[in-house]
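A look at the structure
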Amino acid sequence: MGKKVTSGIVVALGLFSLVLLWNLLKPSEEVDFSAQIKPILNKHCITCHGGVKKNGGFSLLFEEEAFANTESGKPAIIPGNASGSEFIKRLKEEDPELRMPYEKPKLSDEEIALLTRWINQGAKWGEHWAYTLPEKVEVPKITEEAGFSSENKSFIKNGIDQFIFRRLNKEEIDPSPPAANQILARRVALDITGLPPNPSLLQKLDSGSLSYEGMVDSLLAQSSYGEKWASWWLDMARYADTKGYEKDLGRSMWQYRDWVIKALNKDMPYDQFTMEQLAGDLLPDPTMDQLIATAFHRNTMNNDEGGTDDEEFRVAAIMDRVNTTFDVWQSTTMGCVQCHGHPYDPFKQKDYYNLMAFFNNTRDEDTPDEAPVLRFYSADQQESVDQLNAWVSKYGDQNTAKAYKNFLRYGEPVYKSHALQDFVNGSYDDHASAVLWDKGSCRLENVWTHGATSFYLNHYSNYNGTSVTIRKDNAEGEILSQYVLNKTKKPITKRIPIQSVDGLINIHIKISNPQVPKTTNALNIYWLGFLPDLPGGDQPGFSQIQNTFDQAINFKTQTLPITAESPDYMARTTQVFERGNWLLQTDTVKPSTPLTLNSWNDDWPKDRLGFSKWLVSKKNPLTARTLVNRVWHQIFGRGLVTAIEDIGSQSDFPSHPELLDWLALRFMNEHQWSIKSLVKDIVLSGTYRQKSELTPETYQQDPENELYARGPRQRLSAEQIRDQALAVSGLLSRKMYGPGVMPPQPEGVWQTVYSGEKWVESKDDDRYRRAVYTYLKRTSPYPSFITFDAGSREVCTIRRTVTNTPLQALVTLNDPVYLEASYHLAKAMQTFDEVGEQLSLGYEKATLSKITTEKLEALRELYSSSLKAFENDRDSLLQFLHFDESPTAELAALTVVANAIMNLDEFLTKA
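Anyway, here's the lowdown on the structure attached to this text. Everything quoted here is computed from the prediction, not taken from an experiment.

1. Some thoughts on the overall build of the protein
Regarding its fold elements, the protein presents 33 helices and 17 strands. If you line up the protein on its principal axes, its C-alpha atoms span 130 × 90 × 55 Å. The 911 residues of the protein split such that 54% are buried. Expressed as a percentage of contacts within the protein between residues at least 6 apart in sequence, the contacts between residues at least 24 apart total 71%. Element-wise, carbon and sulfur atoms account for 51% of the exposed surface of the protein, whose accessible area totals about 40,600 Å². Charged side chains in the protein number 98 positive and 120 negative. The centres of these two groups are separated by 2 Å.

Written as C-alpha cells, this is what we have:
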C-alpha cells in the first residue's frame, strides 16, 4: 500500500514538473496592439508624446515616429529589446523627475509588464480596430454545454442574440424574461414610429391574429417611421428654419426636411442616401429631389451681420462641412485637424485641407440671398421653363442645354458683387450689393464670357437714365458695351448687349447719372451672369423664346438653398491654413483622402461625388460601423461603442466587437444598405424583447446594461414626449410636409431684431402637428424642446445630452400644449360614469398598462382634492379651462389627473 502511494506521488510530481516546464518554455501569448497596447498609450502617454506635443522628440501617434530617433539620438523603443528601451526604463524609474508619465501616477505593474512583453515580442504596430476592415464573422453556435438551457431557449430569436448570449454566459448572467405584450408593443412602436401603437394593432397582437414580426412590418410601413427617424438625422444635419448668428433671419429649408422623411420612408439605401446629400448636383442629369438632397450642407449658418467678411464665413461654412461629414459618416473628430495634426488619431493637418479641397469649389459665398437656391416654379411658370429647355435642347449642343437648364433651376454660375474691386465713387455695401454713385466705377477680374453677345445684370436703381459703360481690362480699354438703365421697383435681372470676346478677361464698369446727388446710390449691382447665346437665333419664334427667358429669370418663386459646383473656369485653389487661420495660407493642396482609411479608386472623379463614393465604399472601415452603432444607440440608449461621436483610438473598445462587425457586414452586403432592415433585425431580437426591470442584483452585475441582460429603458426624446401627449389625447394631426408650423408657446419668447418676424401661432390642425414640423429658430428654439434636451442645431449634434431637471416637470405641468392635451384626454375619460373607471381608462390610454390599486387610490385622492378646490373657486375653474365655454368642476378635476398621468415616469419613459 505504501509503495502505491509513493509511486502515485512520484507520478504526480512528474506531471507537475512537466506542466511547470511547459509554462516556462511555451511561447507567451501574442499581445494585441489595438486592444491591449493602444489604450494604455492613449491613456497615459499620448497627451505629451503625439499629435500636437512631441516632448523629447518622441511621438507614439504614428509607427514611423514611435521607432524613430528621439532628441537623444536613439529610439526610445527598440523592438525585441525591452530592457534596452528607454521607454520601459522610464516607466520603471523610481525618481519622479525621471519617471514617465511625468508628474502623474506610475503605471501599474500589469501595464508595464504588458508593454514589456509587447516590445520583447517585436513591438508589432497594429492598426486601431476601427481602421481595419470588418472581416467575415461567424455567428456563435450556442449549445447546452455553453449554458443554453431550456430557460434560455426563448431568448434566441436571431443572430444578434447569439452574440449577446455568448457574452452573458461568459459573465455567468442570465438574460431577462420577455416583456409583456403591451409593454413590448409600446416600446417597439415608439422606437419605430415615435408614437404609441394603434389600439387595433395591440388588439391583434394580444389575440394572436398578428405576430410580433407582423406588427414590426406594419410599423415600418407607416409614414410616421420617416418622421420619427428624421429627427435623429436632422440633428446631425444641423437642420433649422433660420440662418443663425446675430440676425438669425428666416430661411426656407423645409423641402430638405421633407426629402429626408420621404427618403427614410421609402428606405432609400444608405449609400444612395449619402451620395445624394453630399453630391446630388454632380450626378448625371440630377433630378429635383437629388438637388434638394444637397441642402444637407446648406444647413450651415449664414452671417448677414453688417461688417463681416463674406470669404471668412464662407470658409467657416466649408470647414463645418468637412467636420460634419466626418462626424456623421466616420465617427471621427476631424475638427481639431484644421489647426494641427490629430492628437490621438493618425490624421495629419494636411489631410484636413486635402479633404477641404473636395468641398471648397461650391458656388455658395455667404451672401444674404443664399445663392445658389433651387427654384420651385408654379404650374404656369414651369410650362414656360419646359418650353425654354426644349428649345435649347433642340437647337443647342449638350453643354449649352445643361447651362440653361441649371441657370433656370438655380441661377448659377454668376459673379457675385463681392467679387468687384477697385471702387471709385462706390463701395461694397454690407455684403448685399456693390453700390456706385455718379461717375462711379469698379472692376471684375477673370470673367468667362462664353463669347456671348449679351450678359445678365441683377441690379436695382432708384433713378432713370443711368448710363453704364463696360470696357475690357481697365478704364482706358476697349468699349464692350454701353447701355442705359432706368428705375426699378425691386432688384431685377436684365439682359445687356456686349461685344463678343473669347477667353478669360477683366472688365471695367463705369456709370454716369448727373441727376443723382453726390454720394447717393445710383446703381446697386448684385451679380453678373454670362451664358452662351440662346441657340436657334435664325429659327421662327426665336424672339418670343428670348423674351420668355428674360421673363423666366425674374419669376418670383419659392426657393431652397442647395449645393452646386463651380465650373472649371471658376475653380478655387485650396491651401493649408497655418494653425487653422484662414488669413495665413501656405501650401497648395489637391483633393485626396487620408491614407489611414480605404484607398482611392482612380475611376472616381476628384470631386464631392468621388468623395461620397469613397465614403460608402465597402472597403471603408468606418461608414457601416458608424451607422450600425448610431442606430443601436437610438434603440438601446447606448452604442455597442459607447462613444458614438468618436470611434477613434480614444474611444472605448466595443462591448461586442464581433456583433458590431457582423451587423456592419450584414447591413452592407445582405441588406444592401437598408436602414429599415437593420432596425428590424434589432427589434426582432430576443435581446430587445427582454423586460427592462432593474433589480439590485442586475444593477450590481451590469449597472449600465453594457451586457444587455435586460431590455432598453430610457426617457423619450423632446419630440416624442410632445407627440405622445397629442396622440393619447386624440389631438395629433397626421398632416405631413410643408413649411414649419408654430404651435403654442409662452408669450415674449421671441425677441426678433432686424426684421418683423414673429411667432404667429398656427391655427386648426397645424397647431397639433408632429414635433418634427415645428419651426426652429436657432437663437430661440421651441422652449419645451430645449428643456427636454433638444438642440439649437447650430452645429452637428451626434448625441443629445439627457438630463432630468425640475424645469421638465414645469413644462409638462404648465405648458399650454400639455394642458390642452390633458383636457382632451380627460374628456375621453368621461366615457365612463364611475370615477374609478375614468381614472383607469386615462391611465391605460396613456401608458398601455393596467393601473395598480395603489396608483388608482393616489389618483382618486388627487381627483377628490381638485374637485373640491374647483367647486369652491369658480374663478380658478374658468381660468384653468379657459378654452371651454361651459367648464365643469368634474372635467377640470379629471384634467388635473390626466396632466398628472402625463407626468408619470411610465409615460415619459420607454420601458
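2. Overview of the pattern of salt bridges
Per the counting criterion, the structure on display carries 47 salt bridges. Put simply, Arg-363 and Glu-412 hold a salt bridge, and the shortest N to O gap is 3.1 Å. Of this pair, Arg-363 sits in the loop between helix H15 (349–359) and strand E3 (373–376) while Glu-412 sits in the loop between helix H17 (398–410) and strand E4 (414–416); the two residues are 49 residues apart in sequence, bridging distant segments of the chain. Residue Arg-363 shares its accessibility class with Glu-412, and that shared class is buried. As a salt-bridge pair, Asp-438 and Lys-439 come within 3.6 Å of each other at their nearest N and O atoms. Given the relative accessible area of 16%, Asp-438 is considered buried. In the salt-bridge network here, residues are joined through shared partners; they are Asp-235, Glu-719, Arg-793 and Arg-800.

3. Let's talk about helix H28 (residues 816–829)
For H28, with 14 residues, the first-to-last C-alpha span of 20 Å sits near the 20 Å given by 1.5 Å per residue. Within the sequence span of H28, burial applies to Val-817, Tyr-818, Leu-819, Glu-820, Ala-821, Ser-822, Tyr-823, Leu-825, Ala-826 and Met-829. Structurally, H28 contributes buried residues whose contacts are with helix H25 (718–728), helix H27 (806–814), helix H29 (835–847), helix H31 (874–880) and helix H32 (889–901). Here H28 starts with a cap whose side-chain oxygen sits 2.8 Å from the backbone nitrogen of Val-817, and that cap is Asp-815.

4. Focus on the packing of aromatic side chains
Across all of its chains, the model carries 53 aromatic pairs by this definition. The interplanar angle of 70° and the centroid separation of 5.2 Å between the aromatic rings of Phe-636 and Tyr-708 together place this pair among those described as edge-to-face. Of this pair, Phe-636 sits in helix H20 (residues 623–636) while Tyr-708 sits in the loop between helix H24 (696–701) and strand E16 (714–715); the two residues are 72 residues apart in sequence, bridging distant segments of the chain. Ring-pair connections join several aromatic residues into one group, and the members of that group are Tyr-225, Trp-229, Trp-232, Trp-233, Tyr-256, Trp-259, Tyr-270, Phe-273, Phe-296, Trp-329, Phe-667 and Trp-673. One Lys or Arg, Lys-348, reaches over the ring of Phe-62 and ends 4.9 Å from the middle of that ring. A cation sits over an aromatic face here: Lys-606 above Trp-600, 5.8 Å from the ring centre.

5. Here's the deal with H27
Listed as buried for H27 are Gln-808, Val-811 and Thr-812. The arc enclosing the buried residues of H27, seen along the axis, measures out at 85°, which places them on a common side. Exposed residues lying more than 90 degrees from the buried face of H27 are Pro-806 and Leu-807. On its buried face, H27 is in contact with E16, H25, helix H26 (783–787), H28 and H32.

6. A word on the packing of helix H14 (residues 310–330) against helix H19 (residues 608–615)
Across the interface, H14 lies against H19 with an axial gap of 12 Å and an inter-helix angle of 25°. Taken together, the axes of H14 and H19 lie roughly parallel to each other. Judged by the sense of rotation from one axis to the other, the crossing of H14 with H19 is right-handed. Two secondary-structure elements touch here, H14 through Thr-325, Phe-326, Trp-329 and Gln-330 and H19 through Phe-611, Trp-614 and Leu-615. Looking at the contact of H14 with H19, its residues break down into five nonpolar, two polar and no charged.

7. Let's talk about the nonpolar core
In this structure, Trp-233 and Tyr-256 are the most contacted members of the largest nonpolar core, which totals 124 residues. Of all the elements, helix H21 (residues 657–670) adds the most residues to this core, at eight residues. Counting residues in hydrophobic clusters, the runner-up holds 51 residues, among them Leu-190, Ala-790, Val-811 and Ala-893.

8. Focus: the environment of Met-288
Inspection of the secondary structure assignment puts Met-288 in helix H13 (residues 288–293). Each residue touching Met-288, except ones within four places of it in the same chain, is listed here: Leu-374, Arg-375, Phe-376 and Arg-409.

Conventions adopted
Residues numbered from 1 in each chain as written. Predicted model: local features only at pLDDT ≥ 70, side-chain atom pairs only at ≥ 80, totals over all residues. Heavy atoms only, no water. Helix = DSSP H or I, 4+ residues; strand = E, 2+ residues; numbered from the N terminus. Buried < 20%, exposed > 50% of the residue type's maximum accessible area, 1.4 Å probe, protein only. Contact = heavy atoms within 4.5 Å. Areas by Shrake-Rupley, 256 points an atom, 1.4 Å probe, with all protein chains shown as cover. Lys, Arg positive; Asp, Glu negative; His and termini not counted. Charge placed at Lys NZ, Arg CZ, Asp CG, Glu CD. Salt bridge = Lys/Arg side-chain N within 4 Å of Asp/Glu carboxyl O. Expected span 1.5 Å × (residues − 1). Polar contact = N/O pair within 3.5 Å; in protein donor to acceptor, adjacent residues only side chain to side chain. Phe/Tyr/Trp six-rings, centres within 6.5 Å; stacked < 30°, edge-to-face > 60°. Lys NZ or Arg CZ within 6 Å of the ring centre and 35° of its normal. Arc of directions from axis to C-beta. Axes fitted to C-alpha atoms, helices over the stretch in contact; angles between N-to-C directions. Parallel < 35°, antiparallel > 145°, perpendicular 65-115°, else oblique. Left-handed = near helix turned anticlockwise from the far one by under 90°. Nonpolar A, V, L, I, M, F, W, Y, C, P; charged D, E, K, R; others polar. Core = buried A, V, L, I, M, F, W, Y, C linked by side-chain atoms within 4.5 Å.

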